[in-house]
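Here is how the chains run, residue by residue.
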Amino acid sequence: MILRVVRRMSSSVDISALRIKYKEPKDIFHESSIEVKEPFHLFRKWFDEACSTPEIIEPNAMCLATATRDAFPSARFVLLKDVTDQGFTFFTNYESRKAKELAENPNVALAFYWLPLRRSVRIEGTAERIPGAESAAYFHQRPRASQIGALASPQSRPIPSRDFLDQKERTIKEELGPDGEVPLPNWGGYLVRPVAVEFWQGQTNRLHDRIRFRKPAGPEEAIDGELLHRGENGWIYERLAP
């Protein structure tokens, strides 16, 4: 009882009572609604719907989870910048914490959450650097202020003050002038090749829909058509209990 009182005193809001309505039974996410039984087609469909929903400000915002060699995890939000049948691409400083962890351990997880649609997508896979020419091409397509910001920031390293960054930015602008090309810092893209993609849709009764596409564990894995189904392009899929 004392512990419960302490928990309630830690916030002016009764966190345990927070609830929102999700989907209703008429909106159940059925396997039959998936036109192409592989994850990329369905992801693009859901992503397009998220982009068309005005309440969703950044539909490409995704949580990226990495881990050290010793499996100590960390997570942060980055922006999806491309999706192909190979995987999902994001960009970062190659000297950042996330990049150092990816060099030690390429296993990653991504998560999207589109609240107005009551949908989430979870992705598990491995990350690899994209070719340098592709990173350079994308870098120079960014707004000039973003390019300068990437050059000015020693990402993830301690700095003495905010003024340190502002001064570096001013110095770069003075050196380059108004038209000088911003040199590419140690910065670029990663492609996350998925081995599993889970699509989640919330239901108000908390019997949420979860359908997971994944690569087979091996040739001996039994696809019975009841719990485990054969998809397309080498994928299999299954429904998970919430």
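Only a predicted model underlies this, so the values are computations on that prediction, with no experimental measurement involved.

1. Section: the environment of Ala 67
By the element assignment, Ala 67 lies in strand S1 (residues 61–67). Ala 67 gets classed as buried once you look at its relative accessible area, which sits at 13%. Along the primary structure Ala 67 and Glu 220 are separated by 153 residues, whereas in three dimensions their C-alpha atoms are 30 Å apart.

2. Notes on the pattern of salt bridges
Scanning all chains against the criterion turns up 19 salt bridges. A salt bridge links Arg 239 to Glu 31; its shortest N-O distance comes to 2.9 Å. A residue pair is termed long-range when its members are at least 10 positions apart, and Arg 239 in strand S10 (residues 236–239) and Glu 31 in the loop between helix H1 (2–9) and helix H2 (39–51) qualify at 208 residues. Classification of Arg 239 as partly exposed rests on a relative accessible area of 34%. Residue Glu 31 is classed as partly exposed on the basis of its relative accessible area of 23%. A single salt-bridge network, built from bridges that share partners, covers Arg 212, Arg 214, Glu 221 and Glu 238.

3. Focus on the UniProt feature "domain: Pyridoxine 5'-phosphate oxidase dimerisation C-terminal" (unreviewed entry) in the protein
Residues given the UniProt feature "domain: Pyridoxine 5'-phosphate oxidase dimerisation C-terminal" (unreviewed entry) here are residues 187–242. Taken end to end, residues 187–242 has its terminal C-alpha atoms 39 Å apart, with 0% of it in helix and 48% in strand.

Thresholds applied
- Residues numbered from 1 in each chain as written.
- Predicted model: local features only at pLDDT ≥ 70, side-chain atom pairs only at ≥ 80, totals over all residues.
- Heavy atoms only, no water.
- Helix = DSSP H or I, 4+ residues; strand = E, 2+ residues; numbered from the N terminus.
- Buried < 20%, exposed > 50% of the residue type's maximum accessible area, 1.4 Å probe, protein only.
- Salt bridge = Lys/Arg side-chain N within 4 Å of Asp/Glu carboxyl O.
- UniProt positions renumbered as here; feature names shortened; annotations may be inferred.

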